[in-house]
Amino acid sequence: MRNQDPVAVIGGGVGGLSVAYELARRQVPCVIFEADETLGGLCGTFQVPGGRLEKFYHHWFNSDYTILNLLYELGLRDKLEARASRTGLLTGGRIHRLATPWDLLRFRPLSPWNRIRLGLLMQRARRETDSLRLDKLTAREWLISMAGAQVFRVVWEPLLRGKFGPDADNISAAWFCEKLKLRGGSRDGGAREQLLYMRGGFSTFIDGLAQHLRAAGVAIHANSPVSRVATDGGRVTAITTPRETINVCGAVVTTAIPPFLKMCPDLPADYRQRLEQVRYLGNVCIVLGLKHALSDMYWISVSEPSFPFVGIIEHTNLDSPAAYRGMHFVFLSRYANKNDLFFTGSKHEVIGMALPHLRRAFPSFDERHVAASFVHRTPYAQPIVTRGYRDLIPEMTTPIPNLWLSTMTQIYPQDRGTNYAIQNGRHVAGMVAEALSS
């Protein structure tokens, strides 16, 4: 390689680590800059009794072949385990089990015929081979056409509204179809959902990947937010953080769009204007360590308009409480903008707002069962994928020749996930290596 200055990889989430992994594999020198004290991004972890736990709930699907291959390359595949997952739906003030087709047939909020229509919808979504053809349709239009008004009103409309708020009626059918396909494809021959999780949690994966990168000579600068991507003569020449300026031969940004635009002031105005159309939802994730389990279900979707969370995820019904010294961990997930009270409130205020709703869902729950509590927030949890979103997807190349972009906005119509972050990261790293070698 002609230029010995490294490539800057901005963002130490799974996407950024995957960029660095592929660059190192191709013997391209690189350095990672991560704003947080720890690596992992949305897959970052924190200390709990017995080990570490994800700040935001995570698992893998058995169709996530890219992550499975990477785990094999890292020598971590033997730490991966398939776990049975039980699911449910909170609607009408009651939790209904929806783990098997038999559960669906007993789902009383729908008429018998509409229970069948809901099941057929899941099957038809799995057979869809070109979901992008649905890009100009809304999820509302598509779901009503596929399963009828009652199924949409009871099951899907509250879920969409609970997550996307005022944008609920304009969410893309292509994205929603892929989300159903991914979830439906994780079922075994008996139609039971199986998910994948690692012994030791996602920190096992993040730590293993970081260890591999350091062994390959990749410098990792944590707690180093990038304040500016400097250019000279129309090309990236240096990266500035609060502590230092480092000369580089190019940069790959793996953050959300707003931080990308802020750190790259030399981008052309028309390009900036186009990317500013991409909007995000933030997420507030309350993590409760309980003395007793709430239920035997892992994932309870909330289709209850008065409930402030879209999901109740009882992590220790996927991973064993024994991994956390017998404590039961539950995630309460709320999508929100930065002005939401759950987003702006103190930890004490947020927990105080949450617990009464948990009692509504689980009448036997008592606040004295809470042994530990945590609140994690991110302003960029989910791009708002409205119909026609395909036209907003930014290219990996940018108007600056040696500046590339790899973010969750580019995986549409697929939903967010480490599998796609790795795909994108390794793909853009190949583009970088090819450009620098020419």
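Residues numbered from 1 in each chain as written. Predicted model: local features only at pLDDT ≥ 70, side-chain atom pairs only at ≥ 80, totals over all residues. Heavy atoms only, no water.

In this section: the packing of helix α4 (residues 112–126) against helix α6 (residues 149–164). Closest axis-to-axis distance for the α4/α6 pair is 9 Å, and the angle between their directions is 70 degrees. As judged from the angle between their axes, α4 and α6 are roughly perpendicular. Judged by the twist between their axes, the crossing of α4 over α6 is right-handed. When α4 is examined against α6, the residues Asn114, Leu118, Leu121 and Met122 are found in contact with a partner set consisting of Gln150, Val151, Val155 and Trp156. When its residues are assigned to classes, the contact of α4 with α6 shows six nonpolar, two polar and no charged. (Axes fitted to C-alpha atoms, helices over the stretch in contact; angles between N-to-C directions. Helix = DSSP H or I, 4+ residues; strand = E, 2+ residues; numbered from the N terminus. Parallel < 35°, antiparallel > 145°, perpendicular 65-115°, else oblique. Left-handed = near helix turned anticlockwise from the far one by under 90°. Contact = heavy atoms within 4.5 Å. Nonpolar A, V, L, I, M, F, W, Y, C, P; charged D, E, K, R; others polar.)

Attention now goes to the packing of aromatic side chains. Across all of its chains, the model carries 15 aromatic pairs by this definition. Measuring from ring centre to ring centre gives 5.3 Å for Tyr280 and Tyr380, while their planes differ by 75 degrees; the resulting arrangement is edge-to-face. Of this pair, Tyr280 sits in strand β15 (residues 280–290) while Tyr380 sits in strand β19 (residues 370–383), placing them 100 residues apart in sequence. A relative accessible area of 29% means that Tyr380 is categorised as partly exposed. Relative to Phe309, the ring of Phe307 lies with its centre 5.9 Å away and its plane at 70 degrees, an arrangement referred to as edge-to-face. Overall, the relative accessible area of 8% leaves Phe307 in the buried class. Looking at Phe309, the relative accessible area reads 2%, which means it is buried. Clustering of aromatic rings is evident, with ring pairs tying together Tyr57, Tyr298, Trp299 and Phe331. (Phe/Tyr/Trp six-rings, centres within 6.5 Å; stacked < 30°, edge-to-face > 60°. Buried < 20%, exposed > 50% of the residue type's maximum accessible area, 1.4 Å probe, protein only.)

Here the focus is the pattern of salt bridges. Evaluated as defined, the whole model comprises 25 salt bridges. When the shortest N-O distance is used, the salt bridge between Glu22 and Arg26 registers 2.9 Å. Relative accessible area serves as the criterion here: at 3%, Glu22 is assigned to the buried category. Arg26 gets classed as partly exposed once you look at its relative accessible area, which sits at 40%. In this structure, Arg161 and Asp169 form a salt bridge, with 2.8 Å as the shortest nitrogen-oxygen distance. Via salt bridges that share partners, Glu22, Arg25, Arg26, Glu73 and Arg426 belong to a single interconnected network. (Salt bridge = Lys/Arg side-chain N within 4 Å of Asp/Glu carboxyl O.)

For the rest of this paragraph, the subject is the pairing of strand β9 (residues 193–198). Within β9, five of the six residues are buried, which leaves it mostly tucked inside the rest of the structure. Sheet analysis places strand β5 (residues 60–61) next to β9, joined by two bridges and oriented antiparallel. Note that in β9 the partner of Trp60 across the bridge is Leu196. Both strand β6 (residues 80–85) and β9 contribute to a ladder of six bridges, which runs antiparallel. Along β9, the bridge assignment pairs Arg83 with Leu195. (Pairing = 2+ DSSP bridges.)

Let us now look at the packing of helix α1 (residues 14–25) against helix α13 (residues 418–437). Their axes nearest at 7 Å, the elements α1 and α13 cross at an angle of 40 degrees. Compared by their axis directions, α1 and α13 come out oblique. For α1 against α13, the interelement crossing comes out right-handed. Seen from α1, the contacting residues are Val14, Gly15, Ser18, Val19, Tyr21, Glu22, Leu23 and Arg25; seen from α13, they are Thr418, Ala421, Ile422, Gly425, Arg426, Val428, Ala429, Gly430, Val432 and Ala433. In terms of residue class, the contact of α1 with α13 is built from ten nonpolar, five polar and three charged.

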